[in-house]
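Here are the chains, one letter per residue:
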Amino acid sequence: MALVNFLLILLLPFFSSFSNATSDDKQSLSTQNLITLACASIGNQDSCLSNLQSALENQGAASPNSILKAALRVSLNEARQTIQTITKFNTLAISYREQLAIEDCKELLDFSVSELAWSLGEMKKIRAGDKNVHYEGNLKAWLSAALSNQDTCLEGFEGTDRRLENFMKGSLQQVTQLITNVLGMYSQLHSLPFRPPRNNATQKESSKFPKWMTDGDKALLAKKPAGMHVDAVVALDGSGHYRSISEAIYAAPSYSNRRYIIYVKKGVYRENVDMKKKKTNIMLIGDGIGATVVTGNRNFMQGWTTFRTATVAVSGKGFIARDMTFRNTAGPQNHQGVALRVDSDQSAFYRCSMEGYQDTLYAHSLRQFYRECNIYGTIDFIFGNGAAVLQHCKIYTRVPLPLQKVTITAQGRKNPNQSTGFSIQDSYVLATQPTYLGRPWKQYSRTVFMNTYMTGLVQPRGWLEWYGNFALSTLWYGEYRNYGPGASLHGRVEWPGYHIIRDASTASFFTARRFIDGMSWLPATGVKFTAGLGN
């Protein structure tokens, strides 16, 4: 990573002089330097350069965009090959946790393959001059997620002797570095004279939505279940089409390009629900928080990876949930126990409750929005490396184990080019225990609290170290116009990466409009949202 940054610095003079160069100079300069950057820090550099040149052969004259596309294609092929490699590790797994970790890795690499493929598709639209492409939000979101998946894979080996983790790390090293380079290239190109043309549509436009969002969703959110058309009904008493949510999900169409609505009648559903990435455009509607409850107790101490402890996991694009409770009852003594894990891009949760202890809400990857939700927990109970905005939510703390310190967030941004982070806006921190707002799980952890009420048990320091000085100068934590007895800024930490935000222009970066590209997709969900800072 340090070498990539060093190369970027080295190349800046070339980039800055680009606009003054002749057309021939531009051609040779950009091609040579970008190809070098695309293969920076790669173990087998000759192979990388050879593959990149091969990928460029079919694209005519080289340009920055064609080099980026070629680098994406090389990354995509490497990710596919890595899946085949790690499949062979199944025979080496001894413990159940190791077997699960390998399965996690295969699924996570498959996520990366999809995200890289989406990015390639977006590049083609940019080249074709499609003005409806929201490339700024999409490419950054997808490449950010593709980079994080490999970390999650390796985290699954926590609690093992690390023998297999070392094998896995070697297999992942090349694909991780390739994606790092592509993300760095894209971020650099985006600020240069030859970046793709901007979409000139105003942010107030809401008529151009992703394929998986439909105009009818707004009406759906306003209706009661009894008054709307639903595709499937789940009821414990047998009065619906299915008795379990998992059965209804299994029967739902794959890769649906229209909203598929599942009404889950009130009741306590004791099951673990895993909506795979092919289950797109699913909408779950319950009878209200505390009325429709999905509950489980999977946890780390039982031998599950954190990734697999989720009571409900959603991976298909465009998921929406309304009026439901997602619960993990493992308790603080069983360590990690996820209630809800989200890998669904442009997903929305409205009037839902996420209830657990350690690691309750796993905002794992991609763009997510939460409105009028409740989140309960003890340690790092909003965590992951998604780009998530929470509005008008209530955050409740619970009693941890003795000597544990309650921390609300543990955001996992690992690279400064990733567009991820947590923005908690117009919400309520209702701490019943001495509480910290967050701690840096990864090097570039990013979290802000804005216009949020905080009770007196939010500690004067506000934030907590992960260990020692780790990430204190590279994280980005901020507070803007919070209020209540725990919101006083006197006594807050004085880390280089902590910011008291005093101007609205800085704070506006973390709004739904800008942070998760909200105007391109949130209007179609029908979920209430504030685009900007509000009052």
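Residues numbered from 1 in each chain as written. Predicted model: local features only at pLDDT ≥ 70, side-chain atom pairs only at ≥ 80, totals over all residues. Heavy atoms only, no water.

(A) Up close: the overall build of the chain. Helix and strand content of the chain: 12 helices and 26 strands. Within the chain, the proportion of its 535 residues that are buried is 61%. When contacts within the chain are restricted to residue pairs at least 6 apart in sequence, long-range pairs at least 24 apart make up 71% of them. (Helix = DSSP H or I, 4+ residues; strand = E, 2+ residues; numbered from the N terminus. Buried < 20%, exposed > 50% of the residue type's maximum accessible area, 1.4 Å probe, protein only. Contact = heavy atoms within 4.5 Å.)

(B) Structural context of the sheet that holds strand S11 (residues 347-350). With parallel pairing, the 11 strands of this open sheet are ordered in space as S1-S2-S5-S8-S11-S14-S17-S20-S23-S25-S26. With one partner strand each, in any of the chains shown, strand S1 (232-234) and strand S26 (498-500) form the two edges of the open sheet. When the angles between neighbouring strand axes are averaged without regard to direction, this sheet yields 10°. Here strand S17 (residues 387-391) pairs with strand S20 (residues 421-425) via five bridges, running parallel. In the sheet register, valine 389 faces S20, and the bridge partner there is serine 423. (Pairing = 2+ DSSP bridges. Axes fitted to C-alpha atoms, helices over the stretch in contact; angles between N-to-C directions.)

(C) Seen up close, the environment of alanine 71. Mapping alanine 71 onto the fold places it in helix H4 (residues 64-87). Judged by its relative accessible area of 4%, alanine 71 is buried. Expressed as a C-alpha distance, the spacing of alanine 71 and valine 182, which sit 111 residues apart in the sequence, is 6.4 Å. Those residues within four positions of alanine 71 in sequence are excluded, and the remaining contacts are Ala38, Leu52, Val182 and Met185.

(D) Spatial organisation of the pattern of salt bridges. Evaluated as defined, the whole model comprises 24 salt bridges. In this structure, the salt-bridge partner of lysine 414 is aspartate 151, at a minimum N-O distance of 3.3 Å. A residue pair is termed long-range when its members are at least 10 positions apart, and lysine 414 in the loop between strand S19 (406-411) and S20 and aspartate 151 in helix H6 (residues 135-155) qualify at 263 residues. Each of Asp104, Glu107, Asp274, Lys276 and Arg308 takes part in one network of salt bridges that share partners. (Salt bridge = Lys/Arg side-chain N within 4 Å of Asp/Glu carboxyl O.)

(E) Inspection of the packing of helix H3 (residues 45-57) against H4 at higher detail. At a closest axis distance of 9 Å, the pairing of H3 and H4 adopts a crossing angle of 120°. One way to sum up the angle between H3 and H4 is to call them oblique. Where H3 crosses over H4, the handedness of that crossing is right-handed. Across from Asn51, Leu52, Ala55 and Leu56 in H3, the residues of H4 making contact are Ser66, Ile67, Ala70, Ala71 and Val74. The residue makeup of the contact of H3 with H4, split by class, is seven nonpolar, two polar and no charged. (Parallel < 35°, antiparallel > 145°, perpendicular 65-115°, else oblique. Left-handed = near helix turned anticlockwise from the far one by under 90°. Nonpolar A, V, L, I, M, F, W, Y, C, P; charged D, E, K, R; others polar.)

(F) View of the sheet that holds strand S24 (residues 453-454). Overall, parallel pairing links the eight strands, which are arranged S3-S6-S9-S12-S15-S18-S21-S24 in an open sheet. Across the chains shown, the open sheet's two edge strands, defined by having one partner strand only, are strand S3 (267-270) and S24. Where strand S21 (residues 428-430) and S24 come together, two bridges link them in parallel fashion. Looking across to S24, one finds that tyrosine 428 is bridged to tyrosine 453.

(G) Structural detail: the packing of aromatic side chains. Counted according to the given criterion, the structure contains 19 aromatic pairs. Judged by centre distance (6.2 Å) and plane angle (40°), the rings of phenylalanine 89 and phenylalanine 167 are tilted. A residue pair is termed long-range when its members are at least 10 positions apart, and phenylalanine 89 in the loop between H4 and helix H5 (96-127) and phenylalanine 167 in helix H7 (residues 163-190) qualify at 78 residues. According to the relative accessible area criterion, phenylalanine 167 is partly exposed, its value standing at 44%. For the ring pair phenylalanine 510 and phenylalanine 515, a centre distance of 5.6 Å and an interplane angle of 50° mean the geometry is tilted. Here phenylalanine 515 falls in the buried class, since its relative accessible area comes to 7%. (Phe/Tyr/Trp six-rings, centres within 6.5 Å; stacked < 30°, edge-to-face > 60°.)

(H) Just the side chain of arginine 439, in detail. Residue position: arginine 439 is located in the loop between strand S22 (435-438) and strand S23 (446-450). We classify arginine 439 as buried; its relative accessible area is 17%. Among the polar contacts made by the side chain of arginine 439, one reaches the side chain of aspartate 380 at a distance of 2.7 Å. When neighbours within four sequence positions are excluded, arginine 439 is seen to be in contact with Ile379, Asp380, Thr407, Thr409, Ala410, Gln411, Ser445, Leu464, Glu465, Trp466 and Tyr477. (Polar contact = N/O pair within 3.5 Å; in protein donor to acceptor, adjacent residues only side chain to side chain.)

(I) Representation of unusual backbone geometry within the structure. A positive phi is found at asparagine 281, a non-glycine position, where the angle reads about 65°. According to the relative accessible area criterion, asparagine 281 is buried, its value standing at 0%.

(J) Inspection of the pairing of S20 at higher detail. For S20, a buried count of five out of five residues is recorded, marking the element as mostly surrounded by other parts of the structure. Neither face of S20 is exposed, since Gly421, Ser423 and Gln425 on one face and Phe422 and Ile424 on the opposite face are all buried. Bridging between S20 and S23 involves four bridges; their strand directions are parallel. Paired with phenylalanine 422 across the two strands is threonine 447, which belongs to S23.

(K) Geometry of empty space enclosed by the protein. Counted by the stated rule, this structure contains four cavities of 30 Å³ or more. Around the largest cavity, the lining residues are Ser148, Asp151, Thr152, Glu155, Tyr362, His364, Gly384, Asn385, Gly412, Lys414, Trp441 and Lys442. Broken down by element, the lining of the largest cavity gets its largest block of residues, four residues, from H6. Volume-wise, the second largest cavity comes out at about 50 Å³. Forming the walls of the second largest cavity are Phe111, Ser114, Glu115, Trp118, Lys277, Ser315, Asp343 and Leu366. The residue inventory of the lining of the second largest cavity, partitioned by class, reads three nonpolar, two polar and three charged. (1 Å grid on protein atoms, 1.4 Å probe; cavity = no way out; pocket = protein on both sides within 12 Å on 5 of 7 lines; lining within 4 Å. Points joined across faces, edges and corners; volume = space filled by probe spheres on them.)

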